[in-house]
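Listed below are the residues making up each chain.
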Amino acid sequence: GARRVAEHCRIMRELTDEAIAAWPVGREFFFYPEMTAITLRVMMATVFGVRDSAVFQPLYDALLELLGCAHNPLLLAPALQRDLGPLTPWRRFVALNRKLDALLQPIYEQRRQEMQSPGPGPARSVLASLVTARDEEGRLLSAQEMHDVLVTLLVAGHETTAAALSWAIYHVLTQGAVRDKLRAELAAVLGDEPVEYEHLERLVFLDATVHEALRLTPPIGHIGRVVQKPFPLGRYTVPAGWIVTPCIYLVHHDPRVFPEPRRFDPERFLGKRLQPHTFLPFGGGARRCIGMSFALHEMKIILATVLQRTELALRPGYSPNVARRGIIWMPEGGVPVQQIRQPRPRGWTT
């Protein structure tokens, strides 16, 4: 419900504030790894309900190791999804999954106990909901089923958002007029207050900027679908069982829908409602990404906090090509930036 969304937005902002406190001033750093760290911490806090450092750090390290291993393209080959010796990627992948399960087991049990205790308590994490969820036959989900759901959420949720945020900040920092308009809107809506969930509906230019970044540089370039029944495509008929992969990037660069498609222009999203088949950064149809609303809230909260509190400048001359990390399209070079002055104090307590 709205209470859970508001609490998750507050967590997103607090974790962004913590990250900003550690950013150097007057020295270059890379925006993409910073966004990766924030979004993974957000997922751990909202999905697992974990923020205590003693529990957080080993789980965070294990997840980073597993996610790094998961990007190995050899794991996609069915013939190599077996143990062929101590140096094979599949053995390491299985071992890392077991290590993660061992760390998660006590967290599962703790969440079950919390959910059985009376009182309202904090808003539920995704894990808290899963440990009490039952299947159609009334059985609790197994540890393996929970593991599969949680790891899918993490892999699908944090690196895509980190890449999208990195593209967004690149576009904003190269477009002075867009940056100034965003800052003016943030000042008008927020003043000196921290951004909260209830502010988001009034931050219309921020929303348009996020959508335009997702249009121009989507973090995933295509989606796959298995054809359930034959359908006509031009003068061809695509048979059932085939896999089709609509290209998100090409759809978003169709000049019939988006004039001057290579130009970054948030204004094209103001007061307009696009058809689902013309704007699909999260896929479409019944299989559209279930984390779409969460990701959009996260992008807006993090971007608003960064722009409200910091003065960032891109490395002069930096213009990134697309780099691939698994299926994710990220900005090559990681978006080198520099804080040109101390961040504005938060001015509030969390």
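Residues numbered from 1 in each chain as written. Predicted model: local features only at pLDDT ≥ 70, side-chain atom pairs only at ≥ 80, totals over all residues. Heavy atoms only, no water.

(A) Region of interest: the overall build of the protein. Assigned secondary structure in the protein consists of ten helices and nine strands. A burial count over the protein gives 46% of its 350 residues as buried. Long-range pairs, those at least 24 residues apart, make up 71% of the contacts in the protein between residues at least 6 apart in sequence. Carbon and sulfur atoms make up 56% of the accessible area of the protein, which totals about 18300 Å². (Helix = DSSP H or I, 4+ residues; strand = E, 2+ residues; numbered from the N terminus. Buried < 20%, exposed > 50% of the residue type's maximum accessible area, 1.4 Å probe, protein only. Contact = heavy atoms within 4.5 Å. Areas by Shrake-Rupley, 256 points an atom, 1.4 Å probe, with all protein chains shown as cover.)

(B) Focus on the pattern of salt bridges. By the definition in use, this model includes 16 salt bridges. We note a salt bridge from R315 to E28, for which the minimum N-O separation is 2.6 Å. With a gap of 287 residues between them, R315 in the loop between β6 (312–314) and β7 (322–325) and E28 in the loop between α1 (2–21) and β1 (29–30) connect regions that are remote in the sequence. On the basis of relative accessibility, which here comes to 36%, the residue R315 falls in the partly exposed class. Look at E28 and you get partly exposed, because its relative accessible area is 33%. A salt bridge links R183 to E311; the nearest nitrogen and oxygen atoms lie 3.6 Å apart. Note that R183 is positioned in helix α7 (residues 176–190) and E311 in the loop between α10 (292–309) and β6, a separation of 128 residues in sequence. Relative accessible area serves as the criterion here: at 21%, R183 is assigned to the partly exposed category. Residues joined in a network through salt bridges with shared partners are R10, R13, D17, E196 and R309. (Salt bridge = Lys/Arg side-chain N within 4 Å of Asp/Glu carboxyl O.)

(C) Quick look at the packing of helix α8 (residues 204–216) against α10. Taken N-terminus to C-terminus, the directions of α8 and α10 make an angle of 115 degrees; their axes are 10 Å apart at the nearest point. Relative to α10, the element α8 lies roughly perpendicular. Seen along the crossing, α8 lies across α10 with a hand that is right-handed. From α8, L206, D207, V210, H211 and L214 reach across to α10, where they touch L296, M299, K300, L303 and A304. (Axes fitted to C-alpha atoms, helices over the stretch in contact; angles between N-to-C directions. Parallel < 35°, antiparallel > 145°, perpendicular 65-115°, else oblique. Left-handed = near helix turned anticlockwise from the far one by under 90°.)

(D) The arrangement of the nonpolar core in detail. Counting 61 residues, the largest nonpolar core has W23, F31, I169 and L312 as its most contacted members. Those elements that provide at least two residues to this core are α1, α2 (31–48), α6 (143–174), α7, α8, α10, β6 and β8 (328–331). It is α10 that contributes the most residues to this core, ten residues altogether. Non-local contacts of F31, meaning those with residues more than four positions away in its chain, are made with W23, L165, S166, I169, V306, L312, G334, V335 and V337. F48, Y60, C69 and Y108 belong to the second-largest nonpolar core, a separate cluster that totals 26 residues. (Core = buried A, V, L, I, M, F, W, Y, C linked by side-chain atoms within 4.5 Å.)

(E) Highlighting the sheet that holds β6. Taken in spatial order, the three strands line up as β1-β9-β6 in an open sheet, and their pairing is antiparallel. Edge strands, defined here as strands with exactly one partner in the open sheet, are β1 and β6. In this sheet, strand β9 (residues 336–339) lies alongside β6 in antiparallel orientation, the contact comprising three bridges. Along β9, the bridge assignment pairs A313 with Q338. (Pairing = 2+ DSSP bridges.)

(F) View of the side chain of R268. Position of R268 relative to the elements: it lies in the loop between α9 (248–252) and α10. A polar contact is formed between the side chain of R268 and the backbone oxygen of P259, at a distance of 2.8 Å. When near neighbours in sequence (up to four residues on either side) are disregarded, R268 contacts E212, R215, F258, P259, E260, P261 and R263. (Polar contact = N/O pair within 3.5 Å; in protein donor to acceptor, adjacent residues only side chain to side chain.)

(G) How the structure looks around unusual backbone geometry. In this model, E260 sits at a positive phi of 50 degrees, which is unusual for a non-glycine residue. Its place among the elements puts E260 in the loop between α9 and α10. Backbone geometry places V335, a non-glycine residue, at a positive phi of 60 degrees. With respect to the helices and strands, V335 occurs in the loop between β8 and β9.

(H) How the structure looks around the packing of aromatic side chains. Inspection of the entire model under this criterion finds six aromatic pairs. Note on W23 and F31: the rings are 6.0 Å apart at their centroids and 65 degrees apart in plane angle, and the pair reads as edge-to-face. F31 matches W23 in its accessibility class, with the two residues each being buried. Ring centres 5.9 Å apart and planes at 85 degrees place the aromatic pair Y170 and Y318 in the edge-to-face group. Of this pair, Y170 sits in helix α6 while Y318 sits in the loop between β6 and β7, placing them 148 residues apart in sequence. Accessibility classification places Y170 together with Y318 in one group, the buried group. An aromatic cluster of at least three residues, connected via ring pairs, comprises W23, F29 and F31. (Phe/Tyr/Trp six-rings, centres within 6.5 Å; stacked < 30°, edge-to-face > 60°.)

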